[in-house]
Amino acid sequence: MDYGLCLPNFRDGASREGMEAGAETARRLGWSTVWTTDHVMVPRSAADDYGTNYDAIAVLAWIGARFPELKLGTSVIVVPQRNAVVLAKELASIDALSGGRLIAGVGAGWNEEEFANLGVADRFHVRGAYLDETIDLWRHLWSGSREPFEGRFHRSDDFVFAPLPAQGGAVPIVVGGRAEPALRRAGGKGDWYHSSATSAAKYAQRVPVIRAAAEAAGRPMPRLTARAWTEFGAATSDHYAIRGSVEEMVAEIRAFAALGVDHLAVWFDATDPDELVQLMERFGRQVVPAVEI
């Protein structure tokens, strides 16, 4: 199992110091990747979770420059809330500047009020189609092609796109989501699938849908990854988490591995730098080695 950290770029208390402490500890523990969480301007009803949210791409630029050993992922960016070409440019620039360390995690979004806050309310009900086309557009632009692109939402006949990503058209596109259209999108268009707040038991039900979509599209099965809130001891909320005793946490991670999941992005409910480091070190000391036994 490969590990990554969901940076504390969101929730009250999020700070540069907390994100840097998390990235430094991930580097020291030998974890491969840091991930950012994306929201721009949520309604007040979602303020406790996402009212403070440092920009997902700007954070990757900052952390990527300071920690060149780490891969840089979005978990996940809400693509239909944005201009797809501008987003392609931002992500290509991150990959070029970081020497090919970008992992482009994408999702369709779920908060209709946030779409309205960003002036794209009409896009909410076609967000899946917009995301599908965006993936095709990105691969077209990032490959260096100058052939015209024509879709439902985008048409470009005469253009130059540069810089190209260091990885070119091979930047991993990671599809998140739990609804069946998202699972089919992961199999039909994605390089990876990325779950969130999902147990291994529920994940197992998704794998056949993803595999069938990949086979129908004539594509290889995507790499399977998961994001999970991680806490020691009894539940502090009703959210899914890898939690409990060390033995219970190890068993859940092994259940993910048995499904073919080979990367786990862990999120600790801590923004304070010292608290976050302590939790990461405990996880790295007690849980990670036991998973491998």
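Note that this is a predicted model, so its numbers are computed, not measured.

A. Quick look at the environment of Pro289. Relative to the helices and strands, Pro289 is located in helix α10 (residues 273-292). Along the backbone, Pro289 and Thr33 are 256 residues apart, and their C-alpha atoms lie at a distance of 18 Å.

B. Expanded view of the pairing of strand β12 (residues 261-267). With 6 of 7 residues buried, β12 lies mostly within the body of the structure. Bridge count between strand β1 (residues 2-6) and β12: 4 bridges; the pairing is parallel. For Tyr3, the partnering residue across the bridge sits in β12 and is Leu264. Pairing of strand β10 (residues 223-232) with β12, which is carried by 6 bridges, proceeds in the parallel orientation. What sits directly across from Thr225, in β12, is His263.

C. Quick peek at the pairing of strand β3 (residues 71-74). Across 4 bridges, strand β2 (residues 33-36) lies against β3 in parallel orientation. If you follow Trp35 over to β3, its bridge partner there is Gly73. For β3 and strand β5 (residues 102-107), the ladder comprises 2 bridges, and the chain directions are parallel. Its bridge partner being in β5, Leu72 is matched across the sheet by Leu102.

D. Local environment of the packing of helix α1 (residues 16-29) against helix α3 (residues 56-66). Remark: α1 packs on α3, axes separated minimally by 11 Å, with the N-to-C direction vectors making an angle of 50°. Accordingly, the angle class assigned to the pair α1 and α3 is oblique. Judged by the sense of rotation from one axis to the other, the crossing of α1 with α3 is right-handed. Residues Arg16, Met19, Glu20 and Ala23 of α1 lie in contact with α3, whose contacting residues are Val59, Trp62, Ile63 and Arg66. Here the residues of the contact of α1 with α3 sort into 5 nonpolar, no polar and 3 charged.

E. Structural context of α3. Buried within α3 we find Ala56, Ile57, Val59, Leu60, Ile63 and Gly64. Within α3, the buried residues cover an arc of 155° as seen down the axis, which keeps them to one side. Where α3 is buried, its residues touch α1, β2, β3, β4 (77-78) and α4 (84-98). The backbone nitrogen of Ile57 lies 3.1 Å from a side-chain oxygen of the residue at the head of α3, namely Asp55.

About the thresholds
Along each chain, residue indices are assigned from 1 in the same order as the chain's sequence is written. Local features in this predicted model are restricted to residues whose pLDDT is 70 or higher, and side-chain atom pairs enter the listing and the counts only when it is 80 or higher, whereas totals over whole chains, interfaces and linings include all residues. Side-chain metrics rest on all non-hydrogen atoms present in the structure, leaving aside hydrogens and water. Numbering of helices and strands starts at the N terminus; helices are DSSP runs of H or I of at least 4 residues and strands are runs of E of at least 2. The buried label goes to any residue with under 20% of its type's maximum accessible area, the exposed label to any with over 50%, and the partly exposed label to all in between, with areas taken from a 1.4 Å probe on protein chains only. Pairing between two strands is assigned when DSSP locates at least 2 bridges connecting them. Angles here are taken between N-to-C directions and fall from 0 to 180 degrees, while the axes themselves are lines fitted to C-alpha atoms, restricted in helices to the stretch in contact. Note on angle classes: values under 35 degrees are labelled roughly parallel, values over 145 roughly antiparallel, values of 65 to 115 roughly perpendicular, and the remainder oblique. Put simply, a crossing is left-handed when the front helix is turned counterclockwise from the back one by less than a right angle, and right-handed when it is turned clockwise. What makes two residues a contact is simply this: any of their non-hydrogen atoms within 4.5 Å. All residues other than Ala, Val, Leu, Ile, Met, Phe, Trp, Tyr, Cys, Pro, Asp, Glu, Lys and Arg, Gly among them, are scored as polar; the first ten of these are nonpolar and the last four charged. Throughout, the arc means that of the directions going from the helix axis to the C-beta atoms. Between N or O atoms, a polar contact is any pair within 3.5 Å; within protein, one atom must be a potential hydrogen donor and the other a potential acceptor, and residues adjacent in sequence are included only when both atoms are from side chains.

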